[in-house]
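# A look at the structure
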Amino acid sequence: MRVLLTGSEGYLGTVMAEVLAEGGHDVVGLDSGYFIGATLGPEPERPPLIRRDLRDVSAEDLTGFDAICHLAALSNDPLGDLAPEVTYDINHAASTRLARLARDAGVRRFLYASTCSVYGASGTDEALDESAPLAPVTPYAESKVRVEADLHDLADDDFEPVSLRNATAFGFSPRLRADIVLNDLVASAVLDGEVVVRSDGTPWRPLVHARDIAEAFLSCLEAPREAVHDQAFNVGMDSENRRIADIAEVVAEAVPGVAVRITGEFGGDPRSYRVDFGRISRAVPTFKPTWSTLDGARELADAYRRFGLTRPMLRERFTRLARLRRLQEEGRLAEDLRWR
Ligand SMILES: NC(=O)c1ccc[n+]([C@@H]2O[C@H](COP(=O)([O-])OP(=O)(O)OC[C@H]3O[C@@H](n4cnc5c(N)ncnc54)[C@H](O)[C@@H]3O)[C@@H](O)[C@H]2O)c1
């Protein structure tokens, strides 16, 4: 298939570009390029790129594609708080506009990167399936809920939207993100010899490797219409539903000799959700996630050491919020996150 991959220059996008190409698909990327150059290790091989802000995509950009994997977004809860109205513009309005243009251009399948953050402050320890109530607690998560609803309205005989509610990702990508829990805790272990959890460590946070997310997209891209049309799928593994304190213990196992410190302070993040990942494996049996948190923590520790990760790199290159703020302070990005 000819596939347009938005967000192709990001943490998940660089990994997904490789997985889709390995699957035999012809991939073209689309990205505004906020994180180009913010790389750990060698530059990744990249597909041809349409360098474009999602808000400016035109119908011509979309002609000739069989499918779109839509990842471009301000990509996490704290980022959404940077400028909620910009988050809604990019993550909601521009995403729904992209889907509408895609449908009009005859693009059949539209795979949307949603998130398990839609379950937000779930208030339960029960594992939530896709029919559970949504309880988003940030503009980021709310924007994902709105796009899922819009995609449902757009679904028809010729347009097959699928929402993949990804668990929190982990694992190596050349466009590393250090602002996601496992990647962050492994960095503290390697750089400080200590794993510090700045909360009481009790919230549930299901985890999934970046490569397994890419494999889920590949499987949904190739699945028959009746298996995926107008569906939402939680993407992850039941075994990797973990409390944050437990994630810290896994990191200590992967990086021997480090101590775990749970500060017990109030973290200000009410999100806690345990998730049931059964539906995707029943509907799309070709999807078989393989990466445990422990394997991912070992992979990350090895990559951090091999490529010489330092604290300043972590802050300046690999923390999404800090990098966008710095681009704004330098006058390169406007308030609305358009390039000047
Ligand atoms: N990483 C996770 O833990 C996780 C979990 C669940 C869902 N997701 C979703 O997966 C997607 C990718 O996440 P990621 O971790 O790779 O994030 P990322 O920040 O590394 O990548 C996002 C990419 O989108 C691009 N982008 C942002 N705004 C854009 C715009 N206006 N126009 C064009 N391009 C734009 C950025 O330049 C970047 O390359 C996001 O939609 C995110 O919400 C991620």
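Residues numbered from 1 in each chain as written. Predicted model: local features only at pLDDT ≥ 70, side-chain atom pairs only at ≥ 80, totals over all residues. Heavy atoms only, no water.

The chain goes by NAD-dependent epimerase/dehydratase family protein in an unreviewed UniProt entry, where it is assigned to Geodermatophilus arenarius.

## Some points on helix 4 (residues 139-154)
The test is simple: Think of it this way: any DSSP run of H or I at least four residues long counts as a helix, any run of E at least two long counts as a strand, and we number them from the N terminus. The span you would expect from a helix comes to 1.5 Å times its residue count less one. Working definition: with a 1.4 Å probe on protein chains only, accessible area under 20% of the residue-type maximum means buried, over 50% means exposed, and in between means partly exposed.
With 16 residues, helix 4 extends 22 Å from end C-alpha to end C-alpha; this agrees with the ideal 22 Å at 1.5 Å per step. All buried positions along helix 4 are accounted for by Pro139, Tyr140, Ala141, Ser143, Lys144, Val145, Val147, Glu148, Leu151 and Leu154.

## Some remarks on the sheet that holds strand 3 (residues 49-51)
What counts here: What makes two strands pair is DSSP finding at least two bridges between them. Helix axes are fitted only over the stretch in contact, all axes being lines through C-alpha atoms; the angle between N-to-C directions runs from 0 to 180 degrees. Note on contacts: a residue pair is in contact if any heavy atoms of the two residues lie within 4.5 Å.
Sheet architecture is open: 7 strands sit in the order 3-2-1-4-5-7-11, paired in parallel fashion. Because the sheet does not close on itself, it has two edges, and the strands there are strand 3 and strand 11 (231-235). Strand after strand, the sheet turns through a mean of 20 degrees between neighbouring axes, direction not considered. Summarising the sheet, strand 5 (residues 109-115) and strand 7 (residues 160-166) pair through 7 bridges and their orientation is parallel. Pairing of Phe110 across the sheet is with Pro161, part of strand 7. Contacts from helix 1 (residues 11-22) reach strand 1 (2-6), strand 2 (26-31) and strand 4 (67-70) within the one sheet, and its direction differs from that of strand 1 by about 170 degrees. Taken strand by strand, helix 6 (residues 210-222) contacts strand 1, strand 4, strand 5, strand 7 and strand 11, and its axis lies near 150 degrees from that of strand 5.

## Some thoughts on the packing of aromatic side chains
Threshold: Whether two aromatic rings pair depends on their centres lying within 6.5 Å, for rings of Phe, Tyr and Trp, where Trp uses its six-membered ring; planes under 30 degrees apart make the pair stacked, over 60 edge-to-face, and the rest tilted. Whether a charge sits over a ring comes down to the Lys NZ or Arg CZ being within 6 Å of the ring centre and within 35 degrees of the ring normal.
One pass over the structure, following the stated rule, counts 4 aromatic pairs. Grouping aromatic residues by their ring pairs yields a cluster made of Tyr34, Phe35 and Trp339. Directly above the aromatic system of Phe65 lies the positively charged group of Arg2, at a separation of 4.4 Å from the ring centroid. The cationic tip of Arg320 hangs over the ring face of Phe35; the distance from NZ or CZ to the ring centre is 3.9 Å.

## Some thoughts on the pattern of salt bridges
Note the cut-off: Each reported salt bridge corresponds to a side-chain nitrogen of Lys or Arg within 4 Å of a carboxyl oxygen of Asp or Glu.
By the definition in use, this model includes 28 salt bridges. Between Glu22 and Arg211 there is a salt bridge, and its shortest N-O distance comes to 2.7 Å. With Glu22 in helix 1 and Arg211 in helix 6, this residue pair connects regions lying 189 residues apart in the sequence. A relative accessible area of 24% places Arg211 in the partly exposed class. The salt bridge partner of Arg46 is Glu43, with a shortest N-O separation of 3.6 Å. With a relative accessible area of 37%, Arg46 lands in the partly exposed category. A single salt-bridge network, built from bridges that share partners, covers Arg108, Arg109, Asp158, Glu160 and Arg225.

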